[in-house]
Amino acid sequence: MGEFKIHRVRFFDYMPTGIRALAFHPINERMAVARMDGSVEIFHCSDNFFQEKIIPGREQCGIEALSWVGERLFSAGLNGEITEYDLTNQKAKYTVDAYGGPVWAITGNQQGTHLAVGCEDGTVKLFEVNEDKIQFERNLDRQKGRIFSLSWHPSGSKIAAGMMDMIQVFNVETGHSIHRILVDRGVGTSRSKECVVWSVVYLSDGTIISGDSVGMVKMWDDHTGTLIKSHNITKCDVLALSVSQDEDSLVAGTSEGCVVQFQFISVVLDKDDKEWVRTRTFKNHTHDVRAVAEITTAVVSGGMDTQLVVRPLLDKIEVWSSASALRKIHFPHRNLVSCARKAGLMLFQYPSHLELWRLGESEGIDIPGMSLSIKSKPEKRLHLKVKGEEHIRCSAVSPCGEWIAYSTASRLRLYKLNFDNNNVSITKISKLPKVLSSANQLCFSSDSSHLFSSSTMALVHVVSLSQSGCKFVGTLKPKSGSHQAIHLLAASEDGKWFASANSDHEVNVYNLQTRKVHCTVPIYSSAVSAMGIHPTTNCLFMVHADQQMFEYSIEQKQYTDWSRLVHRKGLHRIWWERDTPVTNVMFNPQNTSQVILHDMYMLCIIDQSLPLPGEKTQFYNQLTLKSLPEEQRKSHSHAFKVCKTFKEILCVDLMSDQSLVVVERPLTDITTQLPAPIKQKKFAT
Amino acid sequence: MSKLTQTQYESSDDELPEEVAFDESKTAALKSVKDALESARREKNILKEKRRKRQLLFQEQKKRKCLPEDLLEEFDALPQKQPMTKDNNNKDEEATEEAKKMVPKSLQDSYSVVRLKDESAAKTMQQSAMDFINSRLYGPGTKRTTNAEHLSLQKKRGLNQGAAVEFVNKKWGADHKVKAEKSNKRFIQKQKLVSS
């Protein structure tokens, strides 16, 4: 297989932010996730929950709620502004100030005509959704107290608003309040604390369901304004509620980390009187659950422990496969680490700064499996802070280690580094070509002479880098009309070919000498999660979000024989059952038939010269191969060699001196920096 | 004591008091009055002198701060004129340059310059909203524990049971260890005192 020296890196202090809001779009099957730092991510629910788009946030910006209106996504935050997002180019389109103080809730009606926002000053403001913008229409009657949550009746004629100690039901046309429903405070010591109605849901039959800070889920009748039933599900707050499309299932998220499901079923078999009954409890979170959403076959929840948990509902799934297992999404499906292969440097991308580290050196005899003593420790060479409030969208370091580029939502910065002995000096390239205003993805060519940046309208701009600065060379334009933003770029070793993949599953290959499209890879149903161009054979190796692999020969403009063999034979069952996507593809320069890939829990080397594993063969056969004698090993080995020593891998890259760098981020280290969880009393502790 | 009373005590009680001429006492009284007046006048003069000197000093300082008189006259004349000629422009620039050189702007230590844009009401409202959420979720009345305790509990009740994270991982609970060491030292010292 090959022997590699592995640098095990744990000094990337990657810290994700907690999830604040979820919004599901039933037709597109997209889930929008808003985080506490203002970033919004779009996950494709039917494509293995692949993280398609990331819109970075800003400093001092928090999102409180998200809402889909048709195909458009709106969010509102405590800074009092309503933001609409441009999902094609992955950035914020515009912001409108609501002029009501901090906005706590935003929701659109089912007809897609109006948007209601609940503000700090007690008003529910109605905005008309026009073609290009939203416009303020009117206020409903102003109330005394903040409005924490809103819910439209499916007909669009009434709105329920959850406030402090009460729920108000408004008639949208007149703007007056129909009912004022008083919510009980808790018993005992919590009687002095006001009860906050954190979320409300309005059903089409007139039932209003509310979750409050006492830990009760209450069902109210809006005709009479009285309580139907109340369920006590927890001792702390019920923070989020979500009802399914056909209104027969409700999920509630609590501060303890439990997600409780209620179903509208008849208590006695074959009788018609249905009521809301508590059915399941899911305990998949350690910290507060601040957002829940019910999609057709699963319950998605997210909270302060920064994980997105997808729990399939087994009564809605016909076939029990790997898709019906619990899934937790921890890390982003993009690379936050870029390596300067020839210089032994790594660039870590944090939200508001970049760190450049030099790897340490080891000494001692190389024995496989042994850890070597360190001669020189890894050291941080550069800490680059971003000016302004925006977060970094993408960053890259050139293979020679002399150029660093990063981009935020509004600007791009390029820096030149000089290393003399132990000092690093950095100069900012101030005169950048005007086309380099902002980039969705950045990539340096393998000889560090060119920088590729993908921007709006799916264009890739090429600039040449030299001692004197950078000059605009040309633009690579795709043939088809798709303008979706590009999320992956790959350049070939010899500098002739360039590949780009966008969110519409299109992969274009460009000829860099003519700067025109050379060919387009046939569109596959799943998004590309990682791709790379082989240094010698110039084959484009792509791995998709559903774990399918393709190898496309650029020069011959068709799939390679090995790729066709893989499809005929099919991949092993265990390969399909992995639930984290592959985020990096590398090639071993010493052995041209080896492809190195990794996902969050494994590192795999695919040897294209060896036979593919059949259905019955053991997939993880490294240990068994070790126990066999030399002669038998060859006959039993197959192409997929998986190493599971490293866990919670953020990135694996191959340096030019044949050493692998594995950047790990243990989840317990992330847990140490999270906010405090609720104290839970367990038996015998 | 005055001369008059002195002679009174020296002589006996039988004798008649001495005669003091009216003129003497008159002159003495007048003299004392004159003296008082004199001293008052002197004091006034001293104060006047002081004030005058201070006034001069201030005037000199002001002169030093101010622009030369001809420029001041120029400034007085300028607002009356309409479009300025080139000469005036040059003079103006010179004046502003000199002004920049001569006027050192200094603020007291406790003052700072802040833009109205930064200290807007929106930010304070946002801050108060965030404080409200924090106090409801993490403030008094909520039963919160630390991440270390949470992880330790999981370890105790989990599949692979192990010690609490503070003991396994050196980084956790470093401050607890320091406190424990300090209290140990104190205890030992106390014990020594008691036994010795």
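Residues numbered from 1 in each chain as written. Chains lettered and ligands numbered in written order. Predicted model: local features only at pLDDT ≥ 70, side-chain atom pairs only at ≥ 80, totals over all residues. Heavy atoms only, no water.

Colleague: Lay out the overall build of chain B with the relevant residues and their values.
Modeller: Each helix and strand in chain B was counted, giving eight helices and zero strands. Going residue by residue from the N terminus, the α and β elements of chain B occur as α-α-α-α-α-α-α-α. Across the 196 residues in chain B, those meeting the buried criterion constitute 12%. Looking at chain B as shown, the accessible area adds up to about 18200 Å², and 55% of this sits on carbon and sulfur atoms. (Helix = DSSP H or I, 4+ residues; strand = E, 2+ residues; numbered from the N terminus. Buried < 20%, exposed > 50% of the residue type's maximum accessible area, 1.4 Å probe, protein only. Areas by Shrake-Rupley, 256 points an atom, 1.4 Å probe, with all protein chains shown as cover.)

Colleague: Account for the overall build of chain A, with residues named and values stated.
Modeller: Within chain A one finds five helices and 57 strands. The C-alpha atoms of chain A give a radius of gyration of 27 Å, which matches the 26 Å a tight globule of 685 residues would have. Across its three principal directions, the C-alpha atoms of chain A cover 80 × 60 × 50 Å. When burial is assessed residue by residue, chain A has 59% of its 685 residues classed as buried. (Rg over C-alpha atoms; globule rule 2.2 N^0.38 Å.)

Colleague: Give me the lowdown on the sheet that holds strand 7 (residues 72-77) of chain A, citing residues and values where you can.
Modeller: Residues and elements named next belong to chain A. Pairing within the open sheet is antiparallel, and its four strands lie in the order 6-7-8-9. At either end of the open sheet lies a strand with only one pairing partner, and these are strand 6 (63-69) and strand 9 (91-97). Sheet twist, expressed as the average angle between the axes of neighbouring strands with direction ignored, equals 25°. When strand 7 meets strand 8 (residues 81-86), the two strands line up antiparallel, connected through four bridges. Its bridge partner being in strand 8, Phe-74 is matched across the sheet by Glu-84. (Pairing = 2+ DSSP bridges. Axes fitted to C-alpha atoms, helices over the stretch in contact; angles between N-to-C directions.)

Colleague: Any chance you could break down the sheet that holds strand 23 (residues 249-254) of chain A for me, citing the residues and the numbers?
Modeller: Residue and element names in this part refer to chain A. Read from one edge to the other, the open sheet built from four strands follows the order 22-23-24-25, with strand pairing classed as antiparallel. Edge positions in the sheet fall to strand 22 (238-243) and strand 25 (274-282), since each has one partner strand and no second. Across this sheet, the average inter-strand angle for adjacent strands is 25°, counted without regard to direction. Two elements, strand 24 (residues 259-266) and strand 25, share eight bridges in a ladder whose sense is antiparallel. Paired with Phe-264 across the bridge in strand 25 is Trp-276.

Colleague: Describe the interface of chain B and chain A, with residues and values.
Modeller: Size of an interface: often given as the accessible area lost when the parts come together. With 26 residues of chain B in contact, the opposing surface of chain A contributes 38 residues. For the pair chain B and chain A, the summed buried area comes to about 2800 Å², and 59% of that belongs to carbon and sulfur atoms. Interface area lost by chain B to chain A is led by B:Phe132, B:Arg136 and B:Asn147, which between them contribute 23%. For the pair chain B and chain A, the number of links is three salt bridges. Residue B:Arg144 pairs with A:Asp288 through a salt bridge whose shortest N-O separation is 2.9 Å. The tally of links between chain B and chain A comes to 10 residue pairs in polar contact (both at pLDDT 80 or more). (Contact = heavy atoms within 4.5 Å. Buried area = accessible area lost by both parts, 1.4 Å probe. Salt bridge = Lys/Arg side-chain N within 4 Å of Asp/Glu carboxyl O. Polar contact = N/O pair within 3.5 Å; in protein donor to acceptor, adjacent residues only side chain to side chain.)

Colleague: How would you sum up helix 1 (residues 561-569) of chain A? Please name residues and give values.
Modeller: All names here are of chain A. Those residues of helix 1 not exposed but buried are Trp-562, Ser-563 and Val-566. Each buried residue of helix 1 lies within a common arc of 100° when the element is viewed along its axis, so the set occupies one face. Exposed side of helix 1, more than 90 degrees from the buried face: Asp-561 and Arg-568 are the residues found there. Buried positions along helix 1 lie against strand 49 (539-544), strand 50 (549-553), strand 51 (558-559) and strand 54 (603-607). Looking one or two residues past helix 1, Gly-570 carries a phi angle of roughly 85°, positive in sign. (Arc of directions from axis to C-beta.)

Colleague: Now, about the nonpolar core: what can you tell me, with residues and values included?
Modeller: Residue and element names in this part refer to chain A. Counting 21 residues, the largest nonpolar core has Phe-541, Trp-575, Leu-597, Ile-606 and Phe-640 as the members making the most contacts within it. When contributions to this core are tallied by element, the ones reaching two or more residues are strand 49, helix 1, strand 52 (584-587), strand 53 (594-598), strand 54 and strand 55 (640-643). Within the second largest apolar cluster, 20 residues are counted, among which are Phe-12, Tyr-14, Met-600 and Val-661. (Core = buried A, V, L, I, M, F, W, Y, C linked by side-chain atoms within 4.5 Å.)

Colleague: Which residues make up a positive patch on the surface, and what are the values?
Modeller: A cluster of basic residues, A:Arg278, A:Lys283, A:Lys682, B:Lys156 and B:Arg157, forms a positive patch on the protein surface. Within the element layout of this structure, B:Lys156 appears in helix 6 (residues 147-157). (Patch = residues over 30% accessible without salt bridge, like charges linked within 9 Å, V, L, I, M, F, W, Y side chains within 5 Å. Lys, Arg positive; Asp, Glu negative; His and termini not counted. Charge placed at Lys NZ, Arg CZ, Asp CG, Glu CD.)

Colleague: Tell me about unusual backbone geometry, residues and numbers included.
Modeller: All names here are of chain A. With a phi close to 70°, Asp-165 is a non-glycine residue in the positive phi region. Within the secondary structure, Asp-165 sits in the loop between strand 15 (158-162) and strand 16 (166-171). Here the phi dihedral of Gln-658 falls at roughly 60°; this positive angle occurs in a residue that is not glycine. Here Gln-658 is to be found in the loop between strand 56 (649-654) and strand 57 (659-664).

Colleague: Explain the pattern of salt bridges to me, and be specific about the residues and the numbers.
Modeller: Residue and element names in this part refer to chain A. This structure, assessed with the given rule, holds 27 salt bridges over all chains. Residue Asp-13 is joined to Arg-665 by a salt bridge in which the shortest nitrogen-to-oxygen separation is 3.7 Å. One end of the pair, Asp-13, is in the loop between strand 1 (5-9) and strand 2 (19-25); the other, Arg-665, is in the loop between strand 57 and helix 5 (667-672), and 652 residues separate them in sequence. The class of Asp-13 is partly exposed, set by a relative accessible area of 43%. Arg-665 gets classed as buried once you look at its relative accessible area, which sits at 2%. Note that Arg-20 and Glu-64 form a salt bridge whose closest N and O atoms lie 2.7 Å from each other. Of the two residues, Arg-20 sits in strand 2 while Glu-64 sits in strand 6, which places them 44 residues apart along the sequence. If you follow the salt bridges from partner to partner, you end up with Arg-8, Arg-10 and Glu-664 in one network.

Colleague: Could you give me a rundown of the state of the cysteines, with the residues and numbers involved?
Modeller: All names here are of chain A. Taken as a whole and judged by the stated rule, the model has zero disulfides over all chains. Counting only cysteine sulfurs, Cys-651 is the nearest neighbor of Cys-339, a cysteine outside any disulfide, at a range of 5.2 Å. Looking at Cys-339, the relative accessible area reads 9%, which means it is buried. A disulfide-free cysteine, Cys-470 has its sulfur positioned 15 Å from the sulfur of Cys-400, the nearest such atom. (Disulfide = S-S within 2.5 Å.)

Colleague: Help me get a handle on the packing of aromatic side chains, residues and values and all.
Modeller: By the definition in use, this model includes 23 aromatic pairs over all chains. Where A:Phe619 meets A:Tyr620, the ring centres are 5.4 Å apart and the plane angle is 70°; that geometry is what we call edge-to-face. Classification of A:Tyr620 as partly exposed rests on a relative accessible area of 33%. The aromatic ring of B:Phe132 is capped on one face by A:Arg146, whose charged end is 4.3 Å from the ring centroid. Between the NZ or CZ atom of A:Arg578 and the centre of the ring of A:Trp575, over which it lies, the distance is 4.1 Å. (Phe/Tyr/Trp six-rings, centres within 6.5 Å; stacked < 30°, edge-to-face > 60°. Lys NZ or Arg CZ within 6 Å of the ring centre and 35° of its normal.)

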